[in-house]
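# Residue-level structural notes
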Amino acid sequence: MRAAVCHEHGPPDTVRVEELPSPPLADGQVRVQVAAAAVNFPDVLIVANAYQIKVPVPFVPGSEFAGVVTEVAGAVDGVTVGDRVSGTGIVGAFAEEVAVAGASVTRIPDSVDERNAAAFGVAHRTAFHVLRSVARIEPGDELIVLGAGGGVGLATVQLGVLLGANVTAVASSREKLDVAASYGAANLVDHRAGDLRQALRECLPDGADAVVDPVGGNLAEPALRALRWGGRFVSVGFASGEIPRIPLNLVLLKGVQVLGFEMLGFVTHAPDELARNEAELLDLLATGRIVPHIGAAFPLDDVASALRYVADGRAIGKVVIDVSTS
Ligand SMILES: NC(=O)c1ccc[n+]([C@@H]2O[C@H](COP(=O)([O-])OP(=O)(O)OC[C@H]3O[C@@H](n4cnc5c(N)ncnc54)[C@H](OP(=O)(O)O)[C@@H]3O)[C@@H](O)[C@H]2O)c1
């Protein structure tokens, strides 16, 4: 099979596509012929060895895929050859085949194609768990989304609007903000156009109920300052490369909550919330009420370019790898 391989940690162009043997299949695993995979910012960090989880080289990067089951080893409940499934993991998805635990894959609803199924995994799940269980968004809440043109950010805009929030989208270009507006963002702020604190004060004179922050850096503090008393600031990631330091006097004086979300911790520690949210989210996907925004697609041969595109902050919504057409 053809696969993208990282032989050496570093920038995206260290990843090369080559011929590898098909992955061996252990008892309880299924083999999936991958049709599409999607790129997430953590894929860039894992290749650079800058993610919280370290993966030794050589490895096949890629954390989400969708395709067709071609082989089942041993007893696997509810999955048979020919099923269309999607899955997420840490690595392995940028390849023509993956071998994964049968219990870890999800049947793709008939109404959804493989591209959208692949693009739906990490970003929308992160966004929905954050909105439902951490930011605890209620209809009518004022929600500020940083990185609103990116994968997690745009998914947060889409799902925040769907949950009834009034969304203020913050991003670095008119193009990204126009896409956020097309999904219902009510206020649009280009943080490169001027002072973010002032712009948020003008949009939200009474303050916001929640901030979702996948960016960090110098956007975090002005966004936190835009919260009203009792507001929730949720840290989701640091795509800017800079972990912000928040002065605690702001937290004290404004009576706000600073919260964090990390998928593995949530999966481990909040199984009931996880199951409820995942069921609700799958229903939103199956009924077409949420469709991921695919801003760019690359063939498998161009995985390095796709990773570079995401690393440079150019992605709008999701970036997909078309594996079956490569
Ligand atoms: N906590 C979790 O479980 C979890 C799950 C998934 C992802 N994440 C994290 O969430 C963050 C966003 O992931 P994503 O997949 O949404 O990424 P993405 O699609 O690349 O979006 C990231 C956004 O960050 C902004 N940005 C600012 N400086 C940047 C820089 N130097 N390089 C790249 N982007 C920059 C950009 O917005 P502007 O328009 O403002 O420049 C960009 O749209 C990452 O840190 C990722 O690790 C966390």
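So, a few notes on the structure that sits alongside this text. (Residues numbered from 1 in each chain as written. Predicted model: local features only at pLDDT ≥ 70, side-chain atom pairs only at ≥ 80, totals over all residues. Heavy atoms only, no water.)

Residues in close proximity to the ligand total 26 residues, the closest being Gly151, Val152, Ser172, His191 and Phe261. Ser172 is positioned such that a nitrogen or oxygen atom in its side chain is 2.7 Å from an oxygen atom of the ligand. The separation between an oxygen atom of the ligand and a polar main-chain atom of Ala239 is 3.4 Å. Taken together, the elements giving at least two residues each to the shell around the ligand come down to helix 1 (41-47), helix 3 (122-134), helix 4 (151-162) and helix 11 (303-311). The element contributing the most residues to the shell around the ligand is helix 1, with three residues. Residue composition of the shell around the ligand, grouped by class: 15 nonpolar, nine polar and two charged. (Near = heavy atom within 4 Å. Polar contact = N/O pair within 3.5 Å; in protein donor to acceptor, adjacent residues only side chain to side chain. Helix = DSSP H or I, 4+ residues; strand = E, 2+ residues; numbered from the N terminus. Nonpolar A, V, L, I, M, F, W, Y, C, P; charged D, E, K, R; others polar.)

Strand order in the open sheet made by the six strands is 10-9-8-11-12-13, with parallel pairing throughout. Two strands in the sheet have a free side with no partner beyond their single neighbour: strand 10 (187-190) and strand 13 (257-260). In this sheet, adjacent strand axes meet at a mean angle of 15° when their direction is disregarded. Pairing of strand 8 (residues 142-145) with strand 9 (residues 166-171) involves four bridges; the strand directions are parallel. Within strand 9, the position partnered with Glu142 by the bridge is Asn166. The strands that helix 5 (residues 174-182) touches are strand 9 and strand 10; relative to strand 10, the one it contacts most, it runs at about 165°. (Pairing = 2+ DSSP bridges. Axes fitted to C-alpha atoms, helices over the stretch in contact; angles between N-to-C directions. Contact = heavy atoms within 4.5 Å.)

Moving on, we get to the pairing of strand 1 (residues 2-6). Of all five residues that make up strand 1, five are buried, and the element is covered over most of its length. By the alternation rule, side chains of strand 1 split into Arg2, Ala4 and Cys6 and Ala3 and Val5, which are all buried. Two strands pair when backbone bridges link them, and strand 1 and strand 2 (residues 15-19) are joined in this way by five bridges, in the antiparallel orientation. Counterpart to Arg2 in the pairing with strand 2 is Glu19. (Buried < 20%, exposed > 50% of the residue type's maximum accessible area, 1.4 Å probe, protein only.)

All right, on to the nonpolar core then. In globular proteins that are soluble, nonpolar side chains generally tend to be buried together. Within the largest apolar cluster, 47 residues are counted, with the highest numbers of intra-cluster contacts made by Ile137, Leu143, Val157 and Leu159. Counting residues per element, this core draws most heavily on helix 3, which supplies six residues. If we ignore the near neighbours within four places in the chain, the residues touching Ile137 are Leu131, Leu143, Leu163, Ala165 and Ala210. Counting residues in hydrophobic clusters, the runner-up holds 36 residues, among them Val30, Val47, Val85 and Val323. (Core = buried A, V, L, I, M, F, W, Y, C linked by side-chain atoms within 4.5 Å.)

Counted residue by residue, strand 11 (residues 208-213) has six buried out of six residues, so it is predominantly covered. Taken together, the three bridges between strand 8 and strand 11 define a ladder with parallel strand orientation. Residue pairing across strands places Ile144 opposite Val211, the latter belonging to strand 11. Strand direction decides the pairing type here: strand 11 and strand 12 (residues 227-235), joined by five bridges, are parallel. Residue pairing for strand 12: Ala210 is matched across the bridge by Arg232.

For the rest of this paragraph, the subject is the pattern of salt bridges. Per the stated rule, a full pass over the model turns up 18 salt bridges. Of the charged contacts, one joins Glu280 and Arg132 as a salt bridge, the two residues approaching to 2.8 Å between their closest N and O atoms. Of the two residues, Glu280 is situated in helix 10 (residues 271-286) and Arg132 in helix 3; the sequence distance between them amounts to 148 residues. Since its relative accessible area comes to 28%, Glu280 is described here as partly exposed. A relative accessible area of 23% places Arg132 in the partly exposed class. For Asp141, the salt bridge identified is with Arg232, shortest N-O distance 3.4 Å. Linking Asp141 in the loop between helix 3 and strand 8 with Arg232 in strand 12, this pair joins segments that are 91 residues apart in sequence. One exposure class covers both Asp141 and Arg232, and it is buried. (Salt bridge = Lys/Arg side-chain N within 4 Å of Asp/Glu carboxyl O.)

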